[in-house]
Amino acid sequence: MSSMLRYIGHASFGLLFDIDGVLLRGRTPIPAAKQCFRNLVDKNGKYKVPVVFVTNAGNSLRQSKAEQLSHLLEVEVSPEQVMLSHSPLKIFTQFHNMCVLVSGQGPVLEVANNLGFQKVITIDMLREAHPLLDVVDHNRRPKDIIPPTKDLPPIEAVILFGEPIRWETNLQLITDVLLTNGRPGNPMTNPYPHIPVLACNMDLLWMAEAKNPRFGHGMFLVCLESMYKKITGHELKYEALIGKPSVVTYNYAELLVRQQAENLGWSEPVRRLYAIGDNPMADIYGANLYNRYLQASHRARLQLQARGGGDPVPFSGQDVPLRSSFSDDRLPEACISILVCTGVYSREQQDLLNDHEHVVAEHGHRDFLFDHNLTQASFVVQDVREAVEQVFKQEGNKPETHNP
């Protein structure tokens, strides 16, 4: 048995990988990614440490994303290792029996059903039921005879999975639903507060094959928020913001890491998480915010022990934790952030991050108070291979290399 495998038997860390800009650019693997993952599995293809893929993508199923990663990275990736931006919605059971409108692209109906939502209306279903609502595209307007409307149950909540294809259609119909208390065929009543809105993926930009970043779902949210305020004079309110950089996302990812560790036969808890990403405002901000949450949890537990019990001191961050964790001694001690330069971020942007905080702050979501310190990664490296090497260096060893 190699020294690496002997070491791994005593490891106590897990890896969280972003996908776009870290492992892939669109559908093309970043060159360092394949070799990196060959070094993370043994000769039988078994992972040496717990690995979870945490992406803000949300327009697909976990199974589909796992199959894509397996094909492109040439290692086996299971759906249980994949966390999409909407994955934590599985525990938002209070909404599962509500009639919800879902927005995004891809198999949104199947995604919603898999998450537990029982009564789902898609944007296309809403368009078909109310053919006079979507009229920006003249070619989509009813011709000659106006088709009758169809009865739909009142919509009780709106779920935003990811960026849609026809932004004008989704913006119009979502706004109609919010302004009519879920009855878009009725005259506007402008209720406030409006019905609940849950949004996944706040990324303003993301990196594909193009030279420059592309608009993400966060840009769609900016449009929706701006339109709603322009029309009503009120701020659009979110029942929940899910996906990086929210704490609930990392809490859920930690549960998946814990499950992977158990599958590997580890008896000791995972003590450190390393989050590798390319976006300072999503990956790094989120990992650092979660690390701050972990530190607050540990302090609260120590205070509880010192007092012999009682109420914990709550976390004062910008999110509600997935679970009450102050008494959970299996929580990691830290989440360490590693920034790569193969995606949204490049080293040339360092001056922007350091000298123009007001510009960088605008890249974060409106409801996340900007803290410049949270955009600062623990380590900045060139690519994912260097990131993993840095992790093993921190942990006191380095991974074996396997030639293709």
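- For the chain, an unreviewed UniProt entry supplies the name Haloacid dehalogenase-like hydrolase domain-containing 5 and the organism Denticeps clupeoides.
- Under the UniProt heading Sequence similarities (unreviewed entry), the entry covering the chain gives this text: "Belongs to the HAD-like hydrolase superfamily."

Re the environment of glycine 286
Point 1. Looking at the element boundaries, glycine 286 is found in helix α9 (residues 280-307).
Point 2. Residue glycine 286 is classed as buried on the basis of its relative accessible area, which comes to 0%.
Point 3. Taking the C-alpha atoms as reference points, glycine 286 and tyrosine 250, separated by 36 residues in sequence, lie 7.6 Å from one another.
Point 4. When residues no more than four places from it in sequence are discounted, the contact partners of glycine 286 are Pro245 and Tyr250.

A short note on the packing of aromatic side chains
Point 1. One pass over the structure, following the stated rule, counts 8 aromatic pairs.
Point 2. With centroids separated by 4.9 Å and ring planes inclined at 50°, the aromatic side chains of phenylalanine 17 and phenylalanine 37 adopt a geometry described as tilted. On the criterion of sequence distance, the pair formed by phenylalanine 17 in strand β1 (residues 13-17) and phenylalanine 37 in helix α2 (residues 31-40) is long-range, its members being 20 residues apart. With respect to burial, phenylalanine 17 and phenylalanine 37 carry one shared label: buried.
Point 3. Relative to phenylalanine 53, the ring of phenylalanine 37 lies with its centre 5.6 Å away and its plane at 20°, an arrangement referred to as stacked. One end of the pair, phenylalanine 37, is in helix α2; the other, phenylalanine 53, is in strand β4 (residues 51-54), and 16 residues separate them in sequence.

Comments concerning the pairing of β1
Point 1. Counting buried positions over the 5 residues of β1 gives 5, a clear majority of the element.
Point 2. In β1, alternate side chains face the same way, and those of Phe13, Leu15 and Phe17 on one face and Gly14 and Leu16 on the other are all buried.
Point 3. Examined bridge by bridge, β1 and strand β13 (residues 272-277) share 5 bridges and lie parallel to one another. Residue pairing for β13: glycine 14 is matched across the bridge by leucine 273.
Point 4. One ladder, built from 3 bridges, connects β1 with β4; its direction is parallel. Opposite phenylalanine 17, over in β4, you have phenylalanine 53 as the bridge partner.

Rules used throughout
- Residues numbered from 1 in each chain as written.
- Predicted model: local features only at pLDDT ≥ 70, side-chain atom pairs only at ≥ 80, totals over all residues.
- Heavy atoms only, no water.
- UniProt positions renumbered as here; feature names shortened; annotations may be inferred.
- Helix = DSSP H or I, 4+ residues; strand = E, 2+ residues; numbered from the N terminus.
- Buried < 20%, exposed > 50% of the residue type's maximum accessible area, 1.4 Å probe, protein only.
- Contact = heavy atoms within 4.5 Å.
- Phe/Tyr/Trp six-rings, centres within 6.5 Å; stacked < 30°, edge-to-face > 60°.
- Pairing = 2+ DSSP bridges.

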